[in-house]
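# Structural description and commentary
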Number of protein chains: 4
Amino acid sequence: MMVTRVRQRLFDILERDLPGDIVADLVHYFLIVIVLMSVTGAVLATVPALELYDKIWFGACEQVALGAFVLEYLIRLWVAPEHPMRRHLPAWRARLSYITTPAAIIDLFAVAPAVVSLAFPMDVRALLVLRLLRFLKLARYSSGFNALYLAVKRERFALLACLVILGTGVLLAATAMYLVERTVQPDKFGSIPDAMWWAITTLTTVGYGDVVPITAVGRLVGAATMVAGLVMLALPIAIIASSFSEVISKHNFVVTFSMVSRLPPFSDLDARILGDLLPLFNSRSFDRGRQVVRPGERARHMFVVLEGELESTGTEKTVRLGAGDVFGLLPGLDGDIPPVRALTKTKVLAIEEDELHMLKLRYPLISARLEEMARRPTGGVHLRRTRAVTPRRRQTPG
Amino acid sequence: MMVTRVRQRLFDILERDLPGDIVADLVHYFLIVIVLMSVTGAVLATVPALELYDKIWFGACEQVALGAFVLEYLIRLWVAPEHPMRRHLPAWRARLSYITTPAAIIDLFAVAPAVVSLAFPMDVRALLVLRLLRFLKLARYSSGFNALYLAVKRERFALLACLVILGTGVLLAATAMYLVERTVQPDKFGSIPDAMWWAITTLTTVGYGDVVPITAVGRLVGAATMVAGLVMLALPIAIIASSFSEVISKHNFVVTFSMVSRLPPFSDLDARILGDLLPLFNSRSFDRGRQVVRPGERARHMFVVLEGELESTGTEKTVRLGAGDVFGLLPGLDGDIPPVRALTKTKVLAIEEDELHMLKLRYPLISARLEEMARRPTGGVHLRRTRAVTPRRRQTPG
Amino acid sequence: MMVTRVRQRLFDILERDLPGDIVADLVHYFLIVIVLMSVTGAVLATVPALELYDKIWFGACEQVALGAFVLEYLIRLWVAPEHPMRRHLPAWRARLSYITTPAAIIDLFAVAPAVVSLAFPMDVRALLVLRLLRFLKLARYSSGFNALYLAVKRERFALLACLVILGTGVLLAATAMYLVERTVQPDKFGSIPDAMWWAITTLTTVGYGDVVPITAVGRLVGAATMVAGLVMLALPIAIIASSFSEVISKHNFVVTFSMVSRLPPFSDLDARILGDLLPLFNSRSFDRGRQVVRPGERARHMFVVLEGELESTGTEKTVRLGAGDVFGLLPGLDGDIPPVRALTKTKVLAIEEDELHMLKLRYPLISARLEEMARRPTGGVHLRRTRAVTPRRRQTPG
Amino acid sequence: MMVTRVRQRLFDILERDLPGDIVADLVHYFLIVIVLMSVTGAVLATVPALELYDKIWFGACEQVALGAFVLEYLIRLWVAPEHPMRRHLPAWRARLSYITTPAAIIDLFAVAPAVVSLAFPMDVRALLVLRLLRFLKLARYSSGFNALYLAVKRERFALLACLVILGTGVLLAATAMYLVERTVQPDKFGSIPDAMWWAITTLTTVGYGDVVPITAVGRLVGAATMVAGLVMLALPIAIIASSFSEVISKHNFVVTFSMVSRLPPFSDLDARILGDLLPLFNSRSFDRGRQVVRPGERARHMFVVLEGELESTGTEKTVRLGAGDVFGLLPGLDGDIPPVRALTKTKVLAIEEDELHMLKLRYPLISARLEEMARRPTGGVHLRRTRAVTPRRRQTPG
């Protein structure tokens, strides 16, 4: 059982799910620093003047970073069966399933080339660039990438339309310029692909100036292209901007699997069901003293407390809420609940009305359990006393 | 009657109106691929180094693409009388009316030059560029162009004002620079049109750098122009952006004539009336489980179901709605209707309150029919059982 | 009296206030065309290769345009006492007051140089550029300039803050670059003003490329400047954009003095009072069939009809409203009025609640009159039958 | 006591808190002019051609500016104990605490180099650049910097995410270009840091054109980078823009410590408590005649009048409000109060509902006092007659 507990602990550290786990935070920031140093090294190593390859300390640093990444990869592989999503699988299948995730593939690419070059002496410099892929490891830690990914995904049709419009603009501008300046500057506008280089440079308002029209008609075409470029600029700004700022302001932290899998309402669920539920949850955080539900306000979400303490001031009694408690909107009711205020910095999961409907359609039992928990005390607020921040953990067979 | 049915089928395939018609989808994507290949060929053919004209396979591909486009043009011409808008015309007048549409003219330009050059041996290269016009054929398939067109049209006065302001800015900056640097760089600022090239380059923040002020006063004028350029940049971004993103988020699919002409409420209408009605309709799509009308929400549109199934959960009974059914706001009533939820992915037409007024003013009979359909069962929701997704088709004389 | 009527007519034509006055429209567009031609001529005359000065027809055109502008200036001067604002003044004082308006000064500058050069033979070319000032005459006709002016004025404090921030950014970036590359590129970064040219070019993302850092530290400073430039770009876009698009969407036409001075509620007012009132009015236009006040909506403005016909469908009777009628919000009441719909394309003045308060504080009699007109028939809607579009005109002593 | 009163007066002048203090305004603008002149001098002194060092008047001006700044610094140091925040400290500790504020450090840096160079003859030119730091003194006077600072602070996580994304983009683009053009242009893309210079130039759409890809594959990479640049451009614009324009429109003037410390509700509070409260207040200004609370509107803030006069028109009596009076929302009540209108240009502090909760949690006595003041007369409006604009001042021991 000792081994099991070590594996559990390592998993918790690497996933960094337990709020306030200082060891996990240290490991997290240590890995970020190693990635940044390793990438900086790979970048600087391409500068001939620095002659980093001839420096002994540079090679040593490289070996240390490589060792850290190999160790991280191996530990992540070992603890993979701890993931709630894979707990029901035999260990070897859990690890196989982990190896094929995008994060694990990036991790592998971050170490494989260097390991291979150790085994088989090759031209190290060509492989060095592959080390830059380690930078992508940072994406795992950054909520910014997540937000950009969600924003782009939400507006992918609109962005595709922008690309088609941009492509048409490039083609039209390039063709016009090819026809006008083909004979005057045959080295620059001698073919449409050459002219397209000028067109994309101009439409994005980058304007290198390496290719520039010189005839009067060519400049007229250029002026029209620039004005069209202002419109090209406006389209993605409008689309990405509104979407990204909405996503960033909403999803201010990333809901991970393990956060949810420990909460009482979900702790005995099958992992596949939980994976199905995860996209239904939005996360919200509230500072101390903030109203989560204002007095007289109609609740628009069902909330599950992840972390922190809240207080519900009903007409009859005041109730304290902690991690795992449920309150807020009940499906089918009109959302009149007593006001709720955050007593400490609080993180909650919020489920919208539409998503509650989806939940009810697909998992009526879970929906019923949430409703029962939310209804238990007075008017939609749970009565239980605050529990410790770290809730009880379901025992898993090692 | 055999010929009539073939023509109907070809029309349906080319217009791609019947949801889930796999043959139509294949033809649609096949035509897009051919256009992209043909345009790519025309672009690459202008690169002298590739010597594509001497390649036999290039000529063959060209012929195949040309053949496909000629065939498409002829078939579209043949099936033109099938269009609901032209069904009441004799066949030759229907075709004449089709030939003069912008889409048909683009289609003609896409094939005419190549056909002509086959008949009369000419310098093929000069004509080649005309083949790029085929790219415009894509506009027919892209909802992005549609959205841009609608956004620009909605804000045409504001954009015109921007152009006037941009023109004034260019003129003022060019005049100032002409006065300042005329004698210092006579080859670059020797005339106001020359200075205007610098001004437009700077105001749009493209900044090629081929023409640059060198005196102290000239640089002051340049700095003021750049700061003014930031404002120039802001104006179209503000206008286009808000308009485009609104249009894109609203019109997520294009309502075609035939979609509407098959729906029971409109299927026996004269095509000219239908053409009059089309701009009144907005389209909306809802995913499975989404609420179209939320509980307690005031309906703000009258909805006509195009595709999919919905469920209205009134106080007395639950009603299913399918293609052709009508629900939602009734003109003059206050919009209190039972909540409606999408059971499958659903597309609906939505008519706003103002547009219902317009409809009532101009076509009181149609308005009355819609109202009657919407009012039939309980409180504004139609009672009829769900029908097949493909509604019955009105027979037309061959 | 004949002279008086001619002067009135000429004033109406030049001010273009009477809706549907075809002669005024023709004169209006004729003057725009003359301005555009004259400016184009002045621009092209600076191109030495065209040798426009040696062309007889060019000189003739110039004389015609000059004649038209002189004539326009003299007529505007003659009819100046017709302006409602100046009707109470003696003719010579009215003209003196007109001469000192910005519009009249621009008009004078548009003709003065050419006239002077006719009297005293001078170097015509130097004066030619002054002809470009004629372009500013267009500002008088363009609502775009008006909107930009209003938008900039509304946000002048925020824009000033932007300029201060931009100035600080330029100064910091230039100083840093001066310290770094002063000795490496003394011809380009040899003094801070030289470095400021690079800084403004970079911060506005114009990027000519005539001055570029070449050392490693210089490039780091450059990269930081570029990233700061993205923020610089964002600030004015945010401010101008929201303000401009709001102004443009609200003020879709310009309210002129004469439009208002003819309306019955205001026609016997002293012109100075009217000039005081004008800034309180917003203008709105509604297309045929649009709801001005929706059923059940709380009116938020008092409306005065400028042009077009509307229909108020109260519970008891339906009332038609025309030019000069008043409806909508009454100060102190809660804004419950019957719905109003535009029967034709309609222009109205809208007075907000706050502005009604201001009106009541300063001109209680006018406020009382408007209230009485708005209250006369049933529940805040005027009963009078529609009048002719051109309302009666108050006789003024010639 | 004479000295005490002089010190008080000097403090009021330098802090410019008393509204309408003409001497303070003059001193304020005088200092701004001196800063601008001194900075302009330091900038121009770097231009060798001007030979400003050899001009006697330039040296004299420099000495005058230096004297003014030294005098300002000494006076500010002397009056530091007058600041409400430091009134409870012994004089020498108050001055020590003042010296370590960022504003005082900037002030010191603005004079120290010049003073040192007077004492010890050194190369004056090297120190000259340090004089540019005087420009930062302007930040003290500009609400624009304040707004930018607040906007950046509010969105610091989103902006950090943008920087990470920009960094990833730069790294990916640079690596790709390094791999592609390393051998073709070894002087420009010979190492990844070199390629990063090109990447940042392109991603920010600056586009100097000093480094440009020349191969076909390189141009494809460049085109992809430019399109990605449009997205990079959109992210900060979206984030900063919405945040900055919100801050600017809300915080139209800066609430200083002394403004608040003179108001009756706060005048006897400990300064540390006041410093704790300050961030809870938003400032609002209303023009003459504006409604602060509209009729029938639910008040959403508790207001404390800073300056100007207001009128509350309750059902029973009309009450006048002046500096120091409290009205508006009471915590726990529903916000129904009589309408309030500004009679003169008015500045108020506004406390939101959430912030009232915070206040009640942390300082129940202050909250109770505010509530009592707000409740005193009829329905949440204070009854006291208007007081003089300059409220009574608490005597402090000299």
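Here the structure is a predicted model, which is why all the values come from computation and not from measurement. (Residues numbered from 1 in each chain as written. Chains lettered and ligands numbered in written order. Predicted model: local features only at pLDDT ≥ 70, side-chain atom pairs only at ≥ 80, totals over all residues. Heavy atoms only, no water.)

Take the sheet that holds strand 5 (residues 318-321) of chain B next. Hydrogen bonds along the backbone pair up the strands of a sheet, which may run parallel or antiparallel. Residue and element names in this part refer to chain B. The 4 strands are arranged 2-7-4-5 in an open sheet whose pairing can be described as antiparallel. Two strands close off the open sheet at either side, each with one partner strand: strand 2 (291-293) and strand 5. Strand-to-strand twist across the sheet, computed as the mean angle between neighbouring axes with direction ignored, equals 25°. As judged from the 3 bridges shared by strand 4 (residues 310-313) and strand 7 (residues 340-342), these two strands associate in the antiparallel manner. By the bridge assignment for strand 7, E311 is matched with R341. (Pairing = 2+ DSSP bridges. Helix = DSSP H or I, 4+ residues; strand = E, 2+ residues; numbered from the N terminus. Axes fitted to C-alpha atoms, helices over the stretch in contact; angles between N-to-C directions.)

Next up on the list: the interface of chain D and chain A. With 45 residues of chain D at the interface, the matching set in chain A holds 41 residues. For the pair chain D and chain A, the summed buried area comes to about 3700 Å², and 75% of that belongs to carbon and sulfur atoms. On the chain D side of the interface with chain A, the three residues burying the most area are D:M226, D:L230 and D:D354, jointly 17% of the side's total. Where chain D touches chain A, the interface holds 1 salt bridge. The salt bridge involving A:D194 is made with D:R219; its shortest N-O contact spans 3.9 Å. Only helix 8 (156-181), helix 10 (192-203), helix 11 (216-250) and helix 14 (353-362) of chain D provide two or more residues apiece to the side of chain D that touches chain A. (Contact = heavy atoms within 4.5 Å. Buried area = accessible area lost by both parts, 1.4 Å probe. Salt bridge = Lys/Arg side-chain N within 4 Å of Asp/Glu carboxyl O.)

Of all hydrophobic cores here, the largest spans 200 residues; its most connected members are A:W198, B:W198, C:W198 and D:W198. If sequence neighbours within four positions are ignored, D:W198 has contacts with A:Y208, D:A173, D:M177, D:F189, D:V211, D:P213, D:G222 and D:T225. (Core = buried A, V, L, I, M, F, W, Y, C linked by side-chain atoms within 4.5 Å. Buried < 20%, exposed > 50% of the residue type's maximum accessible area, 1.4 Å probe, protein only.)

For the rest of this paragraph, the subject is the relation of the copies chain D and chain A. Of the transformation superimposing chain D on chain A, the axial component is 0.0 Å and the angular component is 90°, with the fit at an RMSD of 0.1 Å. What the superposition gives is, in effect, a four-fold axis relating one chain to the other. A low fraction, 16%, of the interface residues of chain D reappear at the interface in chain A, so the copies pair through non-equivalent surfaces. (Least-squares fit on C-alpha atoms with pLDDT ≥ 70 in both.)

The subject of this paragraph is the interface of chain D and chain C. Contact residues are listed per partner, giving 43 residues for chain D and 45 residues for chain C. When chain D packs against chain C, close to 3700 Å² is buried across both sides, 75% of that on carbon and sulfur atoms. Where chain D packs against chain C, one counts 1 salt bridge. Going through the elements one at a time, helix 2 (22-44), helix 7 (143-154), helix 8, helix 10 and helix 11 of chain D are the ones with two or more residues in the side of chain D that touches chain C. For the side of chain D that touches chain C, the element with the most residues is helix 11 of chain D, which contributes 9 residues. A class-by-class count of the residues in the side of chain D that touches chain C yields 27 nonpolar, 10 polar and 6 charged. (Nonpolar A, V, L, I, M, F, W, Y, C, P; charged D, E, K, R; others polar.)

Moving on, we get to the UniProt feature "transmembrane region" (unreviewed entry) in chain A. Residues and elements named next belong to chain A. Following the UniProt record, the feature "transmembrane region" (unreviewed entry) maps to residues 26-50, 96-120, 157-180, 195-213 and 220-244 here. As annotated, residues 26-50 has a helix share of 76% and a strand share of 0%, and its two end C-alpha atoms lie 32 Å apart. Counting secondary structure, residues 96-120 comes out at 88% helix and 0% strand; the distance between its end C-alpha atoms is 26 Å. (UniProt positions renumbered as here; feature names shortened; annotations may be inferred.)

In this structure, A:T205 takes a positive phi of about 60° despite not being glycine. Summarising the element assignment, A:T205 is placed in the loop between helix 10 (192-203) and helix 11 (216-250).

With that settled, consider the layout of surface pockets. In this structure, the second largest pocket spans a volume of roughly 740 Å³. Lining the second largest pocket are 24 residues, and of these A:V43, C:L220, D:P193, D:M196 and D:W197 sit closest to its centre. Of the residues assigned to the lining of the second largest pocket, the class counts are 19 nonpolar, 3 polar and 2 charged. (1 Å grid on protein atoms, 1.4 Å probe; cavity = no way out; pocket = protein on both sides within 12 Å on 5 of 7 lines; lining within 4 Å. Points joined across faces, edges and corners; volume = space filled by probe spheres on them.)

To continue, consider the pairing of strand 3 (residues 301-307) of chain B. Residues and elements named next belong to chain B. Among the 7 residues of strand 3, 6 are classified as buried, and the element is accordingly described as predominantly covered. Of the strand pairs in this sheet, strand 3 and strand 8 (residues 346-352) are connected by 6 bridges, and their pairing is antiparallel. Residue pairing in the sheet places V305 in a bridge with V348 of strand 8. Alignment of strand 3 against strand 6 (residues 326-328), held across 3 bridges, turns out to be antiparallel. By the bridge assignment, F303 is partnered in strand 6 with F327.

The two copies are related by a screw motion: chain D maps onto chain C through a turn of 90° and a shift of 0.0 Å along the axis, at an RMSD of 0.1 Å. The residues that chain D uses at the interface reappear at the interface of chain C in only 16% of cases, marking distinct surfaces.

Take the packing of helix 3 (residues 56-79) of chain A against helix 5 (residues 102-119) of chain A next. Two numbers describe a pair of packed helices, the interaxial angle and the distance between the axes. Residue and element names in this part refer to chain A. Orientation of helix 3 relative to helix 5, taken along the N-to-C sense of each, is 130°, at an axis distance of 10 Å. By the criterion of interaxial angle, the relationship of helix 3 to helix 5 is oblique. Here the hand of the crossing between helix 3 and helix 5 comes out left-handed. Facing Q63, L66, F69, V70, E72, Y73 and R76 of helix 3, the residues of helix 5 in contact are A104, D107, L108, V111, A114, V115 and L118. Class assignment of the residues belonging to the contact of helix 3 with helix 5 gives a composition of 10 nonpolar, 1 polar and 3 charged. (Parallel < 35°, antiparallel > 145°, perpendicular 65-115°, else oblique. Left-handed = near helix turned anticlockwise from the far one by under 90°.)

The next point concerns the pattern of salt bridges. Applying the stated criterion across every chain, the model contains 24 salt bridges over all chains. Ionic pairing is found between B:R7 and B:E82, a salt bridge with its closest N-O pair at 3.3 Å. Of this pair, B:R7 sits in helix 1 (residues 2-15) while B:E82 sits in the loop between helix 3 (56-79) and helix 4 (91-99); the two residues are 75 residues apart in sequence, bridging distant segments of the chain. What makes B:E82 buried here is its relative accessible area of 3%. In this structure, C:D107 and C:R76 form a salt bridge, with 3.9 Å as the shortest nitrogen-oxygen distance. Note that C:D107 is positioned in helix 5 (residues 102-119) and C:R76 in helix 3 (residues 56-79), a separation of 31 residues in sequence. Look at C:D107 and you get buried, because its relative accessible area is 3%. Owing to a relative accessible area of 5%, C:R76 belongs among the buried residues under this scheme. One network of salt bridges, in which partners are shared, links A:E72, A:R76 and A:D107.

With that out of the way, let us pick up the side chain of B:Q185. Residues and elements named next belong to chain B. By secondary structure assignment, the location of Q185 is in the loop between helix 8 (156-181) and helix 9 (186-189). At 2.6 Å, the side chain of Q185 and the side chain of E181 are in polar contact. One polar contact links the side chain of Q185 to the main-chain carbonyl oxygen of V212, over a distance of 2.9 Å. If we ignore the near neighbours within four places in the chain, the residues touching Q185 are G190, V212, P213 and I214. (Polar contact = N/O pair within 3.5 Å; in protein donor to acceptor, adjacent residues only side chain to side chain.)

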